[in-house]
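Observations on chain architecture
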Amino acid sequence: MARVELVNVTKVYDNRVTAVKNANLVVEDREFVVLVGPSGCGKSTLLRMIAGLEEITSGDIYIDGRRVNDVPPKDRDIAMVFQNYALYPHMTVFENMAFGLKIRKYPREEIRQRVLEAAEILGIREFLDRKPKALSGGQRQRVAVGRAIVRKPKVFLFDEPLSNLDAKLRVQMRIEINRLHKRLQTTMIYVTHDQVEAMTMGDKIVVLRDGVIQQVDTPLNLYNNPANLFVAGFIGSPAMNFITGEIVDGKTLRFQGKRFQFSVPEHLRNALEPYVGRPVILGVRPEHLYDIQLAGDRPVTEAQDIRVDVIEPIGNEVFLYFGDGEKSYCMRMTPDKLYRPGEALQVVLDTRKLYFFDPETENRIA
């Protein structure tokens, strides 16, 4: 078993900056968990505490049922892959991959077999005699991963391993790391600031903000059921549109905003009735706004008149932007119909895909 458990883990630096606050998390055996959030949110600090490279201020970390707070990194049975590869420039690929086993005094033949096996898995067998300077960025990252594989650890830790690669190579390496996880059947914890990377790789995603875990869920549930305003805005590209308005009660319950006004759908009325006369924030993803002519038989709100400001065609889809004088909003469209800047449209919202948030707590209302 390679279960990792964090219980009320907190990290406070000497300058009284709290990097991680009361983190509680369970990573099950063989699970691929991604820690994601903006720069400075505490995700790398959390990973380094699991590795033993950062001291814990309070709380407990368990690996395989053993409390490891005071266990040195070399005795935790983990392997870490860093952003900058951390390869020895004077050693060959073989020597880099074998180094960790060599200092642990493994038999020479076992070292050789483990390195050859890892090199075969990663497709770098032909580079074993080369030095890192003769390799591309992607090849160096494979060597860094290979050095971790040969250890056969209980847990793999990845700290933004793809951030130095170009876009095409990042996609390729994402696929290879996913394949590696399925092949090795090992627990993996992966840190990234790229939410697309997180959504495509993780069995479970942990969203952090300012050192606090905001939500832990599957990629699909994070996207469809964000717990709060931050998660809703962070997960998804382009980001969710946020529209400030008020719930008013006339003949029926209505949302009243500067650009959007409509009757509250039946399934949301009970949740929104306590907010009558109070401000709320409406969230709607770009793909859930429609040109009324293309809405089909979807359940939608009353039509809103808008004027297109900017058009971004990106091949298989088109982004239309429009505003209300203060904010800009985005619609995701197919390229089947041509639009022009300045064009007037009637827009409707999918009533099944509306999210409401409390502006004070930032938590989701419904």
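Scroll up a little and you will see the structure.
First, a word on what this report is: a plain description of the structure on this page. (Residues numbered from 1 in each chain as written. Predicted model: local features only at pLDDT ≥ 70, side-chain atom pairs only at ≥ 80, totals over all residues. Heavy atoms only, no water.)

1. Remarks on the packing of aromatic side chains
- One pass over the full model with this rule turns up eleven aromatic pairs.
- Ring geometry for Phe-260 and Tyr-329: centres 5.9 Å apart, planes at 80°, overall edge-to-face. Here Phe-260, found in the loop between β12 (253-257) and β13 (261-263), pairs with Tyr-329, found in strand β19 (residues 328-333); they are 69 residues apart in sequence, far enough to count as distant.
- Since its relative accessible area comes to 0%, Phe-260 is described here as buried.
- Residue classification places Tyr-329 among the buried positions, given a relative accessible area of 2%.
- Here the aromatic residues Phe-32, Phe-156, Phe-158 and Tyr-190 are joined through ring pairs into a cluster of three or more.
- One Lys or Arg, Arg-278, reaches over the ring of Tyr-275 and ends 4.2 Å from the middle of that ring. (Phe/Tyr/Trp six-rings, centres within 6.5 Å; stacked < 30°, edge-to-face > 60°. Helix = DSSP H or I, 4+ residues; strand = E, 2+ residues; numbered from the N terminus. Buried < 20%, exposed > 50% of the residue type's maximum accessible area, 1.4 Å probe, protein only. Lys NZ or Arg CZ within 6 Å of the ring centre and 35° of its normal.)

2. What about the packing of helix α4 (residues 137-149) against helix α5 (residues 167-184)?
- The N-to-C vectors of α4 and α5 enclose an angle of 15°; their axes lie 11 Å apart at closest approach. Classified by the angle between their axes, α4 and α5 sit roughly parallel to one another. Regarding α4 and α5, the two cross each other, and that crossing is right-handed. Contacts between α4 and α5 involve Gly-138, Gln-141, Arg-142, Val-145 and Ile-149 on the former and, on the latter, Leu-169, Gln-172, Met-173, Glu-176, Leu-180 and Leu-184. (Axes fitted to C-alpha atoms, helices over the stretch in contact; angles between N-to-C directions. Parallel < 35°, antiparallel > 145°, perpendicular 65-115°, else oblique. Left-handed = near helix turned anticlockwise from the far one by under 90°. Contact = heavy atoms within 4.5 Å.)

3. Some details on the sheet that holds strand β15 (residues 289-291)
- The sheet built from three strands is open, its strands ordered β15-β20-β16 with antiparallel pairing. Both edges of this open sheet fall to β15 and β16 (304-307), since each of them pairs with a single strand only. Ignoring which end each strand starts from, the neighbouring axes of this sheet average 45° apart.
- Bridge analysis of β16 against strand β20 (residues 344-349) gives four bridges, and the strand direction is antiparallel. By the bridge assignment, Ile-306 is partnered in β20 with Leu-345. (Pairing = 2+ DSSP bridges.)

4. Brief notes about the side chain of Arg-114
- Along the chain, Arg-114 falls in helix α3 (residues 108-122).
- A polar side-chain atom of Arg-114 sits 2.8 Å from the main-chain carbonyl oxygen of Val-150.
- Not counting residues within four places of it along the chain, the set of residues in contact with Arg-114 comprises Leu-101, Tyr-106, Val-150, Arg-151 and Lys-152. (Polar contact = N/O pair within 3.5 Å; in protein donor to acceptor, adjacent residues only side chain to side chain.)

5. Here we look at the environment of Arg-114
- A residue is classified by how much of its surface remains accessible, and Arg-114, at 12% relative accessible area, is buried.
- Once the C-alpha coordinates of Arg-114 and Ile-306 are considered, the two residues, 192 residues apart in sequence, prove to be 63 Å apart.

6. Examining unusual backbone geometry
- In this chain, Ser-237 is followed by Pro-238 through a cis amide linkage whose omega measures -5°.
- Of note, Pro-238 is situated in the loop between α8 (229-234) and β11 (241-249).
- Within the chain, Asp-64 stands out as a residue other than glycine whose phi angle is a positive 60°.
- Mapped onto the fold, Asp-64 is located in the loop between β4 (58-63) and β5 (66-67).
- Since its relative accessible area comes to 30%, Asp-64 is described here as partly exposed.

7. Describing the pattern of salt bridges
- Summed over the entire model, instances satisfying the criterion amount to 25 salt bridges.
- Arg-67 is the salt-bridge partner of Asp-70, the closest N and O atoms lying 3.7 Å from each other.
- You can call Asp-70 exposed: its relative accessible area is 70%.
- Judged by relative accessible area, which is 42%, Arg-67 ranks as partly exposed.
- Between Glu-326 and Lys-258 there is a salt bridge whose closest N-O contact spans 3.3 Å. Taken together, the residues Glu-326 in the loop between β18 (318-323) and β19 and Lys-258 in the loop between β12 and β13 connect sequence positions 68 residues apart.
- A relative accessible area of 52% means that Lys-258 is categorised as exposed. (Salt bridge = Lys/Arg side-chain N within 4 Å of Asp/Glu carboxyl O.)

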